[in-house]
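# Close look at the chain arrangement
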Amino acid sequence: MTELPEGTPARMPYADQPDGTTAEEPRRFYRLRAPHVDKASVPVTVRVTPDSDLYVAVGAGRRRMYLTPNEAWALWRCLSEAVASTGEPPEWIRVHVTPTHR
């Protein structure tokens with residue numbers, strides 16, 4: 001892995017730059033289904049609405065949470081370190097998640 005000089009901004013892997021949103025479709029949804037051992041896959045959705053908190057839903061909305069952008073960044077950082085400590089990422093996670101408007 002190549003180290004970046006201190007203070008260099010880094011673009012997150014697989015991140016799409018926000019496209020021009022319109023008043024009709026200001027929200028973007030990022031979705032991925034996580035495989036489950038005993039049943040069907042589990043949906044994970046993050047909704048991004050300009051000038052609003054992020055909305056995270058896991059398992060068809062049964063587990064939901066609103067996060068400020070700063071809280072989301074802190075969660076991403078802690079979660080990425082914690083999950084990375086469990087071993088190599090599975091192949092199914094190596095996909096590009098394209099935002100949708102619905």
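Residues numbered from 1 in each chain as written. Predicted model: local features only at pLDDT ≥ 70, side-chain atom pairs only at ≥ 80, totals over all residues. Heavy atoms only, no water.

Turning next to the pairing of strand β2 (residues 42-48). Extensive coverage of β2 is indicated by the burial of 5 of its 7 residues. Taken together, the 7 bridges between strand β1 (residues 28-34) and β2 define a ladder with antiparallel strand orientation. For R28, the partnering residue across the bridge sits in β2 and is V48. Sheet topology note: the β2/strand β3 (residues 54-58) ladder contains 4 bridges and is antiparallel. (Buried < 20%, exposed > 50% of the residue type's maximum accessible area, 1.4 Å probe, protein only. Helix = DSSP H or I, 4+ residues; strand = E, 2+ residues; numbered from the N terminus. Pairing = 2+ DSSP bridges.)

A separate point is the environment of R64. Inspection of the secondary structure assignment puts R64 in strand β4 (residues 63-67). Classification of R64 by relative accessible area gives exposed; the value is 60%. C-alpha separation for the pair R64 and T45, spaced 19 residues apart in sequence, amounts to 9.5 Å. In this structure R64 touches Y55, V56 and A57, once residues within four positions along its chain are discounted. (Contact = heavy atoms within 4.5 Å.)

Next up on the list: the sheet that holds β4. One open sheet accounts for 4 strands, arranged β1-β2-β3-β4; its pairing is antiparallel. Pairing within the sheet leaves two strands with one partner each, and these edge strands are β1 and β4. On average, each strand axis in the sheet is tilted by 15 degrees relative to the strand beside it, whichever way the strands run. Helix-sheet contacts for helix α1 (residues 69-84) involve β3 and β4, and the interaxial angle to β4 is about 120 degrees. (Axes fitted to C-alpha atoms, helices over the stretch in contact; angles between N-to-C directions.)

What follows covers the packing of aromatic side chains. Tallied over the entire structure, the rule returns 2 aromatic pairs. With centroids separated by 5.0 Å and ring planes inclined at 55 degrees, the aromatic side chains of Y55 and Y66 adopt a geometry described as tilted. A residue pair is termed long-range when its members are at least 10 positions apart, and Y55 in strand β3 and Y66 in strand β4 qualify at 11 residues. According to the relative accessible area criterion, Y55 is buried, its value standing at 16%. The aromatic ring of Y55 is capped on one face by R47, whose charged end is 4.7 Å from the ring centroid. (Phe/Tyr/Trp six-rings, centres within 6.5 Å; stacked < 30°, edge-to-face > 60°. Lys NZ or Arg CZ within 6 Å of the ring centre and 35° of its normal.)

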